[in-house]
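Report on the structure
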Amino acid sequence: GAVVSQHPSWVICKSGTSVKIECRSLDFQATTMFWYRQFPKQSLMLMATSNEGSKATYEQGVEKDKFLINHASLTLSTLTVTSAHPEDSSFYICSARQSGANVLTFGAGSRLTVL
Amino acid sequence: QQPVQSPQAVILREGEDAVINCSSSKALYSVHWYRQKHGEAPVFLMILLKGGEQKGHEKISASFNEKKQQSSLYLTASQLSYSGTYFCGTEWGSNTGKLIFGQGTTLQVKP
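Procedures and definitions
Within each chain, residue numbers correspond to sequence positions counted from 1 in written order. Key to labels: chains lettered from A, ligands numbered from 1, both in the order written. In keeping with the model being predicted, local features are shown solely for residues with a pLDDT of at least 70 and side-chain atom pairs are shown and tallied solely at 80 or more, while totals for entire chains, interfaces and linings include all residues. Excluding hydrogens and water, the side-chain values take into account all heavy atoms of the structure. The criterion used for residue contact is that any of the two residues' heavy atoms lie within 4.5 Å. A quick way to say it: buried area is the sum, across both parts, of accessible area lost when two parts are put together, with a 1.4 Å probe. One side-chain nitrogen of Lys or Arg within 4 Å of one carboxyl oxygen of Asp or Glu is enough to make a salt bridge. Strands here are runs of E lasting at least two residues and helices are runs of H or I lasting at least four, both read from the DSSP assignment and numbered beginning at the N terminus. Under the scheme applied here, ten amino acids are nonpolar (Ala, Val, Leu, Ile, Met, Phe, Trp, Tyr, Cys and Pro), four are charged (Asp, Glu, Lys and Arg), and all others, including Gly, are polar. Partly exposed residues are those whose accessible area sits between 20% and 50% of the maximum for their type, while under 20% is buried and over 50% is exposed, using a 1.4 Å probe and protein chains only. Counted as a polar contact is a pair of N or O atoms within 3.5 Å, where, for protein atoms, one must be capable of donating a hydrogen and the other of accepting one, and residues adjacent in sequence contribute only when both atoms are in side chains. Take the buried residues of types Ala, Val, Leu, Ile, Met, Phe, Trp, Tyr and Cys, join any two whose side-chain atoms come within 4.5 Å, and each joined set is a nonpolar core. Cysteine sulfur atoms are paired as a disulfide whenever they fall within 2.5 Å. By convention, a stacked pair of Phe, Tyr or Trp rings (six-membered ring in the case of Trp) has centres within 6.5 Å and planes under 30 degrees apart, an edge-to-face pair has planes over 60 apart, and any other such pair is tilted. Either the NZ atom of lysine or the CZ atom of arginine qualifies as a charge over a ring when it sits within 6 Å of the ring centre and within 35 degrees of the ring normal.

With respect to the interface of chain B and chain A
At the junction of the two partners, chain B supplies 23 residues and chain A supplies 20 residues. When chain B packs against chain A, the two sides together hide about 1,600 Å² of surface, and 59% of this comes from carbon and sulfur. The largest contributions to the chain B side of the interface with chain A come from B:G97, B:K98 and B:F101, which together make up 26% of the buried area. Inspection of the chain B/chain A interface yields 2 salt bridges. One salt bridge connects B:E91 with A:R97, and the closest N-O pair in it is separated by 3.4 Å. Per element, the largest residue contribution to the side of chain B that touches chain A is 4 residues, and it comes from strand β4 (residues 28-36) of chain B. Taken together, the residues of the side of chain B that touches chain A sort by class into 11 nonpolar, 9 polar and 3 charged.

This is the structure:
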């Protein structure tokens, strides 16, 4: 079955630093990947649609200069949280879908804690 | 707009049944149901495509009423392992892969 890997699974950083989270489709190619953020006891909120070879499409209210998304290959999308602050602490999850499939595959998530 | 789930929380005894509803204000292409345990990623349960189908997986089934833009998840003879937060993810209009999730329904199954 389709597998999506996220790395790191957790990260702790100091305020003001940048953190990169990787999302890889291991056994399929994904022209589109999606990034979600989830705060404790809340729902998954779609942040952006990552498009291979082009700019990401951000949801309303998501700062594109703060959350940099790069989808340089058909199997890798990265989310960089720039100048992280404590309010950016959250669970970040990516998803991708195999071509022709209806079901989305989610990564295991990356828990970011900003001190 | 985020789909609306109801109820927000359910407490059951083992063996009891539950229904979780998901309503959308926009035309749906598909509805995806997930269960999430604390601290973990959501786990896929099932997908329903427009056409008003019903699907089942062991003691968990779901229906999709395209006319009403609603989906319901049915949990029968609940087990302790069913505890968690259930989310419906709605895909609007066409097959984009972009899911908008409801606020979640917390289910607690007690012995």
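Considerations on the environment of A:W35
Residue and element names in this part refer to chain A. Its place among the elements puts W35 in strand β4 (residues 32-38). Among the residues examined, W35 registers a relative accessible area of 0% and is labelled buried. A polar side-chain atom of W35 sits 3.0 Å from a polar atom in the side chain of S77.

Some points on the nonpolar core
If you look at the biggest cluster of nonpolar residues, it comprises 24 residues, and the most contacted ones within it are A:W35, A:M47, A:F67, A:Y92 and A:L112. For this core, the secondary-structure elements that each account for two or more residues are β2 (10-13), β3 (19-25), β4, β5 (45-51), β7 (67-73), β8 (76-81), β9 (90-96) and β11 (110-114) of chain A. In this structure A:M47 touches A:W35, A:Y36, A:R37, A:T57, A:Y58, A:E59, A:V62, A:F67 and A:Y92, once residues within four positions along its chain are discounted. Core analysis: the second largest hydrophobic core is formed by 21 residues, B:V31, B:M46, B:L75 and B:L107 among them.

Considering the pattern of salt bridges
Counted according to the given criterion, the structure contains 4 salt bridges over all chains. Note that A:E59 and B:K98 form a salt bridge whose closest N and O atoms lie 3.0 Å from each other. Highlighted residues: A:E59 in the loop between β6 (57-58) and β7 and B:K98 in the loop between β9 (84-92) and β10 (100-101), drawn from two different chains. Judged by relative accessible area, which is 30%, B:K98 ranks as partly exposed.

Here we look at the state of the cysteines
All names here are of chain B. Enumeration over the complete set of coordinates arrives at 2 disulfides over all chains. The disulfide bridge from C22 ends at C88, spanning 2.1 Å between sulfur atoms. Judged by the sign of its S-S torsion, about 70°, the cystine formed by C22 and C88 is right-handed. Of this pair, C22 sits in strand β3 (residues 18-23) while C88 sits in strand β9, and the two are 66 residues apart along the sequence. Each member of the pair C22 and C88 is classed as buried.

Re the packing of aromatic side chains
Evaluated as defined, the whole model comprises 8 aromatic pairs over all chains. Here A:F106 and B:Y34 contribute two aromatic rings whose centre-to-centre distance is 5.1 Å and whose plane-to-plane angle is 80°, an arrangement assigned as edge-to-face. Remark: B:Y34 occurs in strand β4 and A:F106 occurs in strand β10 (residues 105-106); the pair is interchain, linking two chains. The exposure classification of A:F106 matches that of B:Y34, with both residues buried. Ring plane angle 65° and centroid distance 6.0 Å describe the contact between A:F106 and B:F101, whose orientation is recorded as edge-to-face. Here A:F106, found in strand β10, pairs with B:F101, found in strand β10, and the two come from separate chains. Accessibility expressed as a relative area gives 2% for B:F101, which makes it buried. An aromatic cluster of three or more residues is present, and its members are A:Y36, A:F106, B:Y34, B:F44, B:F87 and B:F101. One cation-aromatic arrangement involves A:R111 over A:F91; the distance from NZ or CZ to the ring centre is 4.4 Å.

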